[in-house]
Each structure stands twice: as C-alpha cells, then as structure tokens.
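Residue-level structural notes
Residues per chain are reported as follows:
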Amino acid sequence: MLMTQTEMNQFLAQINQAFQDQFNKLEALEVKVADLEDQMSDLRRKEDSDNAKGKRPKASASRS
C-alpha cells in the first residue's frame, strides 16, 4: 500500500506526538524522583541533626 505525502506526514506527526508524550511522562517522573530524593536528604539531615543533639531516632517502618 502506497501512502500519499500528506498521509505520510500525518503518520509521522502521530509518531512524533506519541514519542513526545512518552518523553513528557519521563520528564515528569524524573522531577518526582528528584523531589523525593530532596525530601529524603532533608529527612536524613534532620535525623543526623537530632542524633547530634542527643535525641533518640524515631523508629522507621521503611528501615529493615
């Protein structure tokens, strides 16, 4: 089946949009990961600060 130039351009535009959507989702996930990493760093700093002040660390369900 042969495609006209217009059909080919429309097909390529659909492919480009699909890739752009995936890249946008990936970028959003990267931002979320960076935010979570920042939150973890803040929690660790607070924990370290509390430990240095002699406070007892809170038990964490996520630690094994």
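Residues numbered from 1 in each chain as written. Predicted model: local features only at pLDDT ≥ 70, side-chain atom pairs only at ≥ 80, totals over all residues. Heavy atoms only, no water.

This part is about the overall build of the protein. Looking only at helices and strands, the protein has one helix and zero strands in total. Relative to its 64 residues, the protein shows a buried fraction of 2%. Of the roughly 6,300 Å² of accessible surface on the protein, a fraction of 56% belongs to carbon and sulfur atoms. (Helix = DSSP H or I, 4+ residues; strand = E, 2+ residues; numbered from the N terminus. Buried < 20%, exposed > 50% of the residue type's maximum accessible area, 1.4 Å probe, protein only. Areas by Shrake-Rupley, 256 points an atom, 1.4 Å probe, with all protein chains shown as cover.)

A rise of 1.5 Å per residue sets the reference length of helix 1 (residues 5-52), with its 48 residues, at 70 Å; its end C-alpha atoms lie 69 Å apart and thus fit the reference within 8%. Where helix 1 ends, the next residue or the one after it, Gly54, has phi of about 90°, a positive value. (Expected span 1.5 Å × (residues − 1).)

Considering all chains together, one arrives at two salt bridges under this definition. Across the pair Asp42 and Arg45 runs a salt bridge whose closest N-O atoms are separated by 2.8 Å. You can see Asp42 and its partner Arg45 sitting in helix 1, three residues apart, about one turn around the helix. Close ionic contact of Asp50 with Lys46 constitutes a salt bridge, the shortest N to O distance being 3.1 Å. (Salt bridge = Lys/Arg side-chain N within 4 Å of Asp/Glu carboxyl O.)

Here we come to a nonpolar patch on the surface. Together, Met1, Met3, Met8, Phe11, Leu12, Ile15, Phe19, Phe23 and Leu26 line one region of the surface with nonpolar side chains, adding up to about 930 Å² of accessible area. Relative to the assigned elements, Phe19 resides in helix 1. Given a relative accessible area of 49%, Phe19 falls into the partly exposed group. (Patch = residues over 30% accessible without salt bridge, like charges linked within 9 Å, V, L, I, M, F, W, Y side chains within 5 Å.)

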